[in-house]
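The residues making up each chain are set out below.
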Amino acid sequence: FYNALNTIQAYIFQKDPENAIDYLNKFSKLTRMILDFSDKESVSLENELESLRMYLDLEKMRFTDQFDFSLTCDVRDTELIKIPSMIIQPYVENAIKHGLMHLKNGRKLIVSITEKDQFLEVRVDDNGIGRKKAGELNQIKQNRHQSFSTMANEKRLQILNRGLNKKVLVEYIDKTNPSGAALGTTVILRIP
C-alpha cells in the first residue's frame, strides 16, 4: 500500500494525471481482490494468477522501464484448482523488494507454475542481489532487521501444514557465478 500510494503521489507531482488515474484504478482493483481473498481459506489458481498479474503490472509501472517480468502457468483447469489465498504473492514481493530493488537496471523476474507429482510447483526466479547481500543491506538500514513477511510466511505455512498429509514446501536456491558472486535467488514453492 505504501509503495502504491508513493507512486500515485509521484505521478501527481510530475503532473501526469493519466498514469496516476491508471495506477489508482489498478491499485483499487487489486485492493478489492485482496480484501475479497482475506476471508477465504482457498481461492482458484486462476484468481491467484489474476491478482499476481495486477500486482506485477503495478510494480512495473512503479519501476517504469527498468523491470521486466514473465508470469507463465502450464497447468490445466486453473479455475478448478484451489490453493491457499495469497500464497504466492509474498515470495514475489520479497524477490522485488529485497533482490531487484537494489539493481539500477536489468531487473528481471520470472514466475512459472507447473504440475509435478500432484503438486503445483511455483518458481519465483529473480536476477537480484541475492539473499546474503539483501540481508547485509537490511542490517545497515535497521540495526536489528527482522523480515516481517518472511516470518509471517513461515508461520502461515506451519499453520497450513498442520494435519495435511502432503505439506506445502518451500526451497530457496541462492544462485551464484563460479567466483561466488550472487546472480539472484530462486524460490520453489510446492503446493499439494
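Data block above holds the structure.
Structural notes, computed from the coordinates. (Residues numbered from 1 in each chain as written. Predicted model: local features only at pLDDT ≥ 70, side-chain atom pairs only at ≥ 80, totals over all residues. Heavy atoms only, no water.)

**Quick word on the packing of helix α2 (residues 17-38) against helix α3 (residues 45-63)**
It is the contact of α2 with α3, at a shortest axis distance of 10 Å, that shows an interaxial angle of 150°. One finds that α2 runs roughly antiparallel with respect to α3. α2 and α3 meet at a crossing whose hand is left-handed. Contact with α2, carried on its side by N19, D22, Y23, K26, F27, K29, L30, M33 and F37, involves N47, E48, E50, S51, M54, Y55, D57, L58, M61 and R62 of α3 and no other residues of that element. The residue makeup of the contact of α2 with α3, split by class, is nine nonpolar, three polar and seven charged. (Axes fitted to C-alpha atoms, helices over the stretch in contact; angles between N-to-C directions. Helix = DSSP H or I, 4+ residues; strand = E, 2+ residues; numbered from the N terminus. Parallel < 35°, antiparallel > 145°, perpendicular 65-115°, else oblique. Left-handed = near helix turned anticlockwise from the far one by under 90°. Contact = heavy atoms within 4.5 Å. Nonpolar A, V, L, I, M, F, W, Y, C, P; charged D, E, K, R; others polar.)

**Some points on the sheet that holds strand β6 (residues 169-176)**
The strand order across the open sheet built from five strands is β2-β4-β5-β7-β6, with neighbouring strands paired in mixed fashion. Among the strands making up the open sheet, the edge pair consists of β2 (67-74) and β6. Direction aside, neighbouring strands of the sheet carry axes that sit 10° apart on average. Sheet analysis places β6 next to strand β7 (residues 182-191), joined by eight bridges and oriented antiparallel. Counted as the bridge partner of L169 is R190 from β7. Most of the contacts of helix α4 (residues 89-100) go to strand β4 (residues 107-116), to which it runs at about 155°, and overall it touches β2, β4, β5 (119-126), β6 and β7. (Pairing = 2+ DSSP bridges.)

**A word on the side chain of D126**
Mapped onto the secondary structure, D126 falls in strand β5. Within the buried core, D126 has no salt-bridge partner, and the shortest N-O distance to an opposite charge, that of K175, equals 5.8 Å. Within the local environment of D126, its side chain forms a polar contact with the backbone nitrogen of G128, the two atoms lying 2.7 Å apart. If we skip the residues at most four places from it in the chain, D126 touches A95, G99, L100, K108, L109, K175, L183, G184 and T185. (Buried < 20%, exposed > 50% of the residue type's maximum accessible area, 1.4 Å probe, protein only. Lys, Arg positive; Asp, Glu negative; His and termini not counted. Salt bridge = Lys/Arg side-chain N within 4 Å of Asp/Glu carboxyl O. Polar contact = N/O pair within 3.5 Å; in protein donor to acceptor, adjacent residues only side chain to side chain.)

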